[in-house]
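# Fold and geometry: a report
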Amino acid sequence: MKIAMVDLHGQYERIREEINNAIQEVLDSTAFINGPQVKTFAQHLAEYNQVEHVIPCANGTDALQIALMALGLQPGDEVIVPVHTYVATAEVIALLRLEPIFVDCVADRFTIDVTKIEEKITSRTKAIVPVHLYGQCADMEPLMDIARRHKLYVVEDTAQAIGATYTFSNGVAQKAGCIGDIGTTSFFPSKNLGCYGDGGALFIRDYELAERARMIANHGQKIKYHHRVVGCNSRLDTLQAAILDVKLKYLDEYSATRNEVAARYDKGLAAVKGIILPQRADNSTHVFHQYTIQVGNHLRDELKSFLAEHDIPSMIYYPIPLHLQEAYAKEGQGKGTFPIAEQLSEEVLSLPIHTEMKMEEQEYIIKQIHAFFNR
Ligand SMILES: *Cc1c(COP(=O)(O)O)cnc(C)c1O
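The structure displayed is predicted, hence computed values, not measured ones.

## Details of the side chain of Thr165
- Looking at where Thr165 falls in the secondary structure, it is placed in strand S6 (residues 165–167).
- At 3.4 Å, the side chain of Thr165 forms a polar contact with the side chain of Lys175.
- If we skip the residues at most four places from it in the chain, Thr165 touches Cys137, Ala173, Gln174, Lys175, Asn283, Ser284 and Thr285.

Below, the structure written as structure tokens:
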């Protein structure tokens, strides 16, 4: 038994023929850049998400950068982001000479603490970038309300939550990434909709904004060699688009399987004292990009080592909150500034979860976690 964090090979095996045929078709056409599959996949994803425009690009980090560029943010503008997230979210903000303004998160949901956003808003604040961390939406209803009142843009980092649905109190349900002005996602292989290399996309409802993002992703040109704005070169390969178009059909099935795995962990670990299981928000579905527990009493690293000794991989997303990273350190923002994020960085542990997880693998993991706490 070889337990993996993610089993990309097993997943490929099940759709091998369809994938191979899709790849072969691209090879035969040799339309490696902007082949017809790129447009087809974008259309299919737009239909899936019920959003007007999907703009494919090279990766999820580029998608975030293109989003901020398309919104016309200027150097010195402030952008509010959760402090407990993957570095890419803050990185593109800093790269564009904008100012990332960190906000702590809610412990039971892992996403940005919406009640702490307003106190960070200044006259220079232009946007909020919530991250739908681990597969569950940030609390978008109050967040959108704040954005509307303060006239701020909202860019949703949906790299970990493609396919999740958020339901507003009036009953309106929207896909993650299609609530704010722009949603961004990543098709990195281990993401819920992963390709076989790098890939990303933006979700946009507004036509003008979508055209602008499309132009920026293509060297700032609409007409070849006519560069209206400074852009970048960010494309989704035809090969990756062909692969993604096959996998998109299975996305809901993949999410359902991940939920089954999560439910089995919930049940198997419910009696373990000393850990907190991931909570479900009642206004968001969960696509379980990660199944992340919180381990108290400073036992997290010990549990991780114990599991490793028993051939069980586990991961820490993320071991250092952004405000304590050398690259993002700021005066007056030392240890203690964001207590929840700091606590999470010491307590979170993500267990193996993927679409190919076998019952006996999971039983073994659950058994070993019990064994650790019964030592
Ligand atoms: C993976 C990820 C990204 C970046 O995606 P890449 O395709 O690797 O550039 C951005 N934000 C979050 C939250 C992610 O998990």
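## Structural notes on the sheet that holds strand S3 (residues 99–103)
- Pairing is mixed across the open sheet formed by seven strands, whose spatial order is S1-S9-S8-S5-S4-S2-S3. Strands with a single pairing partner mark the edges of an open sheet, and in this sheet they are strand S1 (53–57) and S3. The mean inter-strand angle of the sheet, taken between neighbouring strand axes irrespective of direction, is 25 degrees.
- Pairing analysis gives five bridges linking S1 to strand S9 (residues 200–204), with the strands arranged antiparallel.

## Considering the sheet that holds strand S14 (residues 348–351)
- As summarised here, the arrangement of the three strands in space is S12-S13-S14, forming an open sheet in which the pairing is antiparallel. Edge positions in the sheet fall to strand S12 (275–276) and S14, since each of these pairs with one other strand and no more.
- Where strand S13 (residues 291–295) lies against S14, four bridges are found, and the strand directions are antiparallel. Bridge pairing in S14 links Tyr291 to Leu351.
- Contacts between helix H10 (residues 300–309) and the sheet are confined to S13 and S14, with S14 contributing the most and set at about 25 degrees to the helix.

## Remarks on the UniProt feature "active site" (unreviewed entry) in the chain
- Taking the UniProt record as the reference, the feature "active site" (unreviewed entry) is found at Lys191.
- Its place among the elements puts Lys191 in the loop between strand S8 (182–186) and S9.
- Overall, Lys191 belongs to the buried group, its relative accessible area being 17%.
- With residues up to four places along the chain from it excluded, the contact list for Lys191 reads Ala159, Ser186 and His289.

## Things to note about the pattern of salt bridges
- Applying the stated criterion across every chain yields a total of 14 salt bridges.
- Linking Glu356 and Arg14 is a salt bridge whose minimum nitrogen-to-oxygen distance equals 2.8 Å. On the criterion of sequence distance, the pair formed by Glu356 in the loop between S14 and helix H12 (359–373) and Arg14 in helix H1 (residues 8–14) is long-range, its members being 342 residues apart.
- We classify Glu356 as buried; its relative accessible area is 13%.
- The exposed category is assigned to Arg14, whose relative accessible area is 55%.
- When the shortest N-O distance is used, the salt bridge between Glu302 and Arg375 registers 3.4 Å. Of this pair, Glu302 sits in helix H10 while Arg375 sits in the segment after H12, placing them 73 residues apart in sequence.
- Of the residues examined, Glu302 reaches a relative accessible area of 41% and is grouped as partly exposed.
- With relative accessibility at 60%, the residue Arg375 sits in the exposed group.
- When salt bridges with common partners are traced through the structure, they connect Glu118, Asp145 and Arg149 into a single cluster.

## Regarding the nonpolar core
- Judged by nonpolar contacts, the single largest core of 71 residues is most densely connected at Leu202, Tyr265, Leu269, Tyr291, Ile293 and Leu351.
- Here this core gets seven residues from one element, more than from any other, and that element is helix H4 (residues 60–70).
- Here this core spans two domains, since at least three of its residues come from each of domain 1 (8–103 + 111–248) and domain 2 (251–373).
- Contact partners of Leu269, with chain neighbours within four places excluded, come to Ile275, Leu277, Tyr291, Leu351, Ile366, Ile369 and His370.
- Counting 24 residues, the second-largest nonpolar core is a separate cluster that includes Val103, Ile117, Val154 and Val287.

The rules behind the values
Residues numbered from 1 in each chain as written. Predicted model: local features only at pLDDT ≥ 70, side-chain atom pairs only at ≥ 80, totals over all residues. Heavy atoms only, no water. Helix = DSSP H or I, 4+ residues; strand = E, 2+ residues; numbered from the N terminus. Polar contact = N/O pair within 3.5 Å; in protein donor to acceptor, adjacent residues only side chain to side chain. Contact = heavy atoms within 4.5 Å. Pairing = 2+ DSSP bridges. Axes fitted to C-alpha atoms, helices over the stretch in contact; angles between N-to-C directions. UniProt positions renumbered as here; feature names shortened; annotations may be inferred. Buried < 20%, exposed > 50% of the residue type's maximum accessible area, 1.4 Å probe, protein only. Salt bridge = Lys/Arg side-chain N within 4 Å of Asp/Glu carboxyl O. Core = buried A, V, L, I, M, F, W, Y, C linked by side-chain atoms within 4.5 Å. Domains from an automatic or database assignment.

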